[in-house]
Amino acid sequence: MWKNRNVWIILTGEFVAGLGLWLGIIGNLEFMQDRVPSDFVKAVILAIGLLAGVAIGPLAGRLTDQGSKKNIMLISSIVRALSVLFMFVAIETNSVVWMVVFLIILQGSAAFYFPALQAAIPLIVKERELLALNGVHMNVSTLSRVIGTAIAGVLLTLISLRNVYALSLVAYLLLAVATLFLKLDESKTPSAKKIDAKASSGFKDVFPIIKSIPVIFMTLVMTLIPLLFIGGFNLLVINISELQDSTAIKGWIYTAEGLAFMTGAFMIKRIGEKFSAFSILFSFSFLIGVAQLMLYFADIPFMSIAAFVVFGFSVGCFFPTAVTIFQTRMPKEYHGRFFSFRNMLDRIIFQIVLLVTGFFLDLIGLQLMVVLFGVSSITMTAAFLIYTRKHKLHIEEDATEKISS
């Protein structure tokens, strides 16, 4: 795998683009801090961009299946770079409206890029290498987040906000240049347009496929379990900090979780050699529920950090496994629309979980809420385990046989 130039191009592009993304995110917060006093209005502004990505999802998925994945990744990278120009206008005019335009275009381009990327990865490595590549890819993404936020925090004290966005623009342009050197063999992937005359209907074509392959449907629903934790991640950290009356604990939690995630994503290849995807998915789903229950003792620094370590390691193993299942079991001609649908679903669930977490924190407090979430996660895991045993499902089941039948 490491001798494959496409792998290095994908990973390098992800790292550079990740740096640009997090430079931009920190820049967005800095820009709004002085101009938007209301936290609710800040949330609304950020949500507008996310909703734009959701709205364009069906079109993005359909075009990804019908066209060249490399071209879609290249064009969306260029559009993402051009979107930063609107942020320059926002800074010059001191206008939040131009920032909204920037966010809409940025999230719209991302809605095309990420499904195309997920659909392209199975085309550059062998199926047995997918789990390892997905783990490394997520590690690179996490590393760019950690480094990007740290660099952005330092740069804002040294250079102007305009120059921070200029660096973000350079990062997106480098991603476009890297994408130019990709060599994808898409000739063996049937076009959705050729196999389905109704391909223009978007997600409607994908739903019967998901329904016909229980393993994909089950895995898709099971991804809601880590989202129960991730959606309210920042709110949990803030509440733990207040509970312990410590600002330093926030840094310890973010660092511990990030390192644990990277460790899990790094080790998933070895774990995958010893255990089936079935065992990995359910074991770490259960551990995510355990991590939530551990936060009942969030007033104890060691226990709160330990809970995030368990969670970080678990999702570091869970997500590469889930993505690999999707890439191998979903027919390739539907990859674009499926990953676009999944991306849209994750965005919606993330927003819902964020609101629900805030509501429960106000209503019943942190410790009772994490017990509720933990019990829900473990119950969902147990229910799906019983379902798979009852219907004799196997992760390794050949999806193509399901489609043909």
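What you are looking at is a predicted structure, and each value in this text was computed from that prediction instead of being measured.

*Asks:* Explain the side chain of arginine 329 residue by residue, including any values.
*Replies:* Tracing the sequence through the fold places arginine 329 in helix H14 (residues 301–329). A polar side-chain atom of arginine 329 sits 3.4 Å from a polar atom in the side chain of threonine 328.

*Asks:* Lay out the packing of aromatic side chains in plain terms, naming residues and giving numbers.
*Replies:* Applying the stated criterion across every chain, the model contains 13 aromatic pairs. Judged by centre distance (6.2 Å) and plane angle (90 degrees), the ring pair of phenylalanine 360 and phenylalanine 373 falls under edge-to-face. Here the residue phenylalanine 360 occupies a position in helix H15 (residues 335–363), and phenylalanine 373 occupies one in helix H16 (residues 366–390), the gap between them amounting to 13 residues. The class for phenylalanine 373 is buried, based on a relative accessible area of 8%. An aromatic cluster is present here, built from Phe229, Phe308 and Phe311 joined pairwise through their rings. Here arginine 80 stacks its cationic end above the ring of tyrosine 113, 5.0 Å away from the centre of that ring.

*Asks:* Before we move on, can you summarise helix H4 (residues 96–124) with the specific residues and values?
*Replies:* The end-to-end C-alpha separation of H4 is 41 Å, in line with the 42 Å expected for 29 residues at 1.5 Å each. H4 sits mainly inside the fold: 22 of its 29 residues count as buried.

*Asks:* Quick one: what's the story with the confidence of the model for the protein, residue by residue and with numbers?
*Replies:* Put simply, the protein has an average pLDDT of 80, and 89% of its residues get 70 or more. Within the protein, helix H13 (residues 277–294) carries the highest mean pLDDT (91), whereas helix H17 (residues 399–404) carries the lowest (36). Long-range and interchain partners of residues 191–200, a stretch whose pLDDT sits below 50, account for 20 contacts in this model, where long-range means more than four residues apart.

What counts and what doesn't
- Residues numbered from 1 in each chain as written.
- Predicted model: local features only at pLDDT ≥ 70, side-chain atom pairs only at ≥ 80, totals over all residues.
- Heavy atoms only, no water.
- Helix = DSSP H or I, 4+ residues; strand = E, 2+ residues; numbered from the N terminus.
- Polar contact = N/O pair within 3.5 Å; in protein donor to acceptor, adjacent residues only side chain to side chain.
- Phe/Tyr/Trp six-rings, centres within 6.5 Å; stacked < 30°, edge-to-face > 60°.
- Buried < 20%, exposed > 50% of the residue type's maximum accessible area, 1.4 Å probe, protein only.
- Lys NZ or Arg CZ within 6 Å of the ring centre and 35° of its normal.
- Expected span 1.5 Å × (residues − 1).
- pLDDT = per-residue confidence, 0-100.
- Contact = heavy atoms within 4.5 Å.

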